[in-house]
Amino acid sequence: MREKLEQLRDGALQAIAASSGVEQLQEIRVRLLGRKGELTALMKGLGALAAEERPIVGQLVNTVRDDIETALTAALMAAEEMVISDRLRSERVDISLPGRHPLKGTKHPVSLVIEEICSIFAGLGFAVAEGPEIEHDWYNFEALNFPPEHPARDMQDTFFVENNLLLRTHTSPVQIRTMLKQKPPVRIIAPGTVYRCDSDATHSPMFHQIEGLMVDKCVTFGDLKGILTVFTNQLFGQKTGVRLRPSYFPFTEPSAEVDIACVICGGKGCRVCKNSGWLEILGAGMVDPEVYRHVQYDAENISGFAFGMGIERIAMLKYGISDMRLLFENDVRFLRQF
Ligand code: PHE
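Keep in mind the model is a prediction, meaning the values are calculated, not measured.

(A) Examining the site of the ligand more closely. Taken together, 14 residues surround the ligand, and among them His170, Ser172, Arg196, Gln209 and Gly308 come closest. Separating a nitrogen atom of the ligand from a side-chain N or O atom of Ser172 is a distance of 2.9 Å. Taking Arg196, its side chain carries an N or O atom lying 2.9 Å from an oxygen atom of the ligand. Those elements that place two or more of their residues in the shell around the ligand are strand E6 (206-216), strand E9 (278-287) and strand E10 (303-310). Across the shell around the ligand, the residue classes tally to five nonpolar, seven polar and two charged.

Next up, the structure:
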């Protein structure tokens, strides 16, 4: 019995020393010390011993079990530490490596220009107004003093939706919608998408405009020029020259086209300004009394001006973009530059 116990212990200690890993050690524990284990089996033989031998062998059983336990516990602890240090090594993070940058979008140059223009006019007391892109003929033409069959309708290559519905060709219908909704004083700008059947390097069938409208007692052409000068100076720089040329729009009288000194050559003459030194950026004028009649404003007692500009054209001048189509291709290599 004693010999068997000692053999068992020696075998156990060897097996423990030779074992690799937590699982094997747990198997060894079950095999030796478990309810159906080898040591338990040996203990069953205790009863067959002589009475005086029993306590001595019993004590030996205890020592053997303690020895095995101690060896097992120590080996388990070592094995668990190995597992942890292996994990620490394999999952090590090199915090000195450069991070991965998430891909961030940028604002479209057209949005940037709209935001900038709106904020300049907000500083001048203009509120932002909006209107629908599918518009009635009446708002887009008729109320703006384009009678049916009027040749001025040909200036704008209209996309028709059905009978009296069309894609608005300019933001000027927002003038009408605003004046029908509110009485003077009016001071609004209206950014938005407009459509014309036209497409080349400087024209897109879909583009953006910003409309301006100011109506009050005693608004003069001088106020128009003053506001537009403040505006162009803020948008293009303090000393940008401004020039007004006589023009024609059915809904303004007198009308003007507004040029700024070429931002590319400074007025000396280049390809962009076609050697004129000037760039046309907007149309403007004093609101025609005929328009007031359509919105029931008293033309005798109020006056006002309106203006409208193309955003893409301004974005192209501001950022030196030579082909308008670049603005609509959505190539991120282009868009990221702004
Ligand atoms: N709506 C005109 C256009 O698109 C521009 C304009 C607006 C002219 C307001 C005068 C006054 O050409």
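The structure having been displayed, the exposition proceeds.
(B) Examining the packing of aromatic side chains more closely. For the coordinates displayed, the defined rule picks out 11 aromatic pairs. Relative to Phe251, the ring of Phe146 has its centre 5.9 Å away and its plane inclined at 35°; by these criteria the two rings are tilted. With Phe146 in the loop between helix H6 (137-140) and strand E3 (160-162) and Phe251 in the loop between strand E7 (242-249) and strand E8 (252-261), the pair connects residues that are 105 residues apart, well separated along the chain. Judged by relative accessible area, Phe146 falls into the buried class, the value being 1%. Look at Phe251 and you get buried, because its relative accessible area is 8%. Note on Tyr319 and Phe338: the rings are 4.9 Å apart at their centroids and 65° apart in plane angle, and the pair reads as edge-to-face. Placement of the pair is Tyr319 in helix H10 (residues 311-319) and Phe338 in the segment after helix H11 (332-335), with a sequence separation of 19 residues. For Tyr319, a relative accessible area of 30% gives the class partly exposed.

(C) How the structure looks around unusual backbone geometry. Of note, the bond from Pro184 into Pro185 is cis; its omega dihedral lies within 30 degrees of zero at 5°. Assignment of secondary structure puts Pro185 in the loop between helix H7 (173-181) and strand E5 (186-195). The residue after Glu253, namely Pro254, is reached through a cis peptide bond having omega -5°. As for its placement among the helices and strands, Pro254 is situated in strand E8. One non-glycine residue, Glu149, lies in the positive phi region at around 70°. Structurally, Glu149 is set in the loop between H6 and E3. For Glu149, a relative accessible area of 78% puts it in the exposed group. For Lys274, which is not a glycine, the phi torsion comes out positive at approximately 50°. Checked against the element boundaries, Lys274 lands in the loop between E8 and E9. Given a relative accessible area of 74%, Lys274 falls into the exposed group.

(D) Geometry of the pattern of salt bridges. Going through the model one piece at a time under the given rule, you end up with 18 salt bridges. Between Glu142 and Arg153 there is a salt bridge, with its nearest N and O atoms 3.9 Å apart. Linking Glu142 in the loop between H6 and E3 with Arg153 in the loop between H6 and E3, this pair joins segments that are 11 residues apart in sequence. With a relative accessible area of 26%, Glu142 lands in the partly exposed category. One salt bridge in this structure joins Glu257 and Arg245, with 3.4 Å as the shortest N-O distance. Pair noted here: Glu257 is in strand E8 and Arg245 is in strand E7, with a separation of 12 residues, a long-range link.

(E) Seen up close, the pairing of E5. Among the 10 residues of E5, nine are classified as buried, and the element is accordingly described as predominantly covered. Here strand E1 (residues 127-128) runs beside E5; their pairing, made up of two bridges, is parallel. For Val128, the partnering residue across the bridge sits in E5 and is Ile189. Two strands pair when backbone bridges link them, and E5 and E6 are joined in this way by 10 bridges, in the antiparallel orientation. In the sheet register, Arg187 faces E6, and the bridge partner there is Met214.

The rules behind the values
Residues numbered from 1 in each chain as written. Predicted model: local features only at pLDDT ≥ 70, side-chain atom pairs only at ≥ 80, totals over all residues. Heavy atoms only, no water. Near = heavy atom within 4 Å. Polar contact = N/O pair within 3.5 Å; in protein donor to acceptor, adjacent residues only side chain to side chain. Helix = DSSP H or I, 4+ residues; strand = E, 2+ residues; numbered from the N terminus. Nonpolar A, V, L, I, M, F, W, Y, C, P; charged D, E, K, R; others polar. Phe/Tyr/Trp six-rings, centres within 6.5 Å; stacked < 30°, edge-to-face > 60°. Buried < 20%, exposed > 50% of the residue type's maximum accessible area, 1.4 Å probe, protein only. Salt bridge = Lys/Arg side-chain N within 4 Å of Asp/Glu carboxyl O. Pairing = 2+ DSSP bridges.

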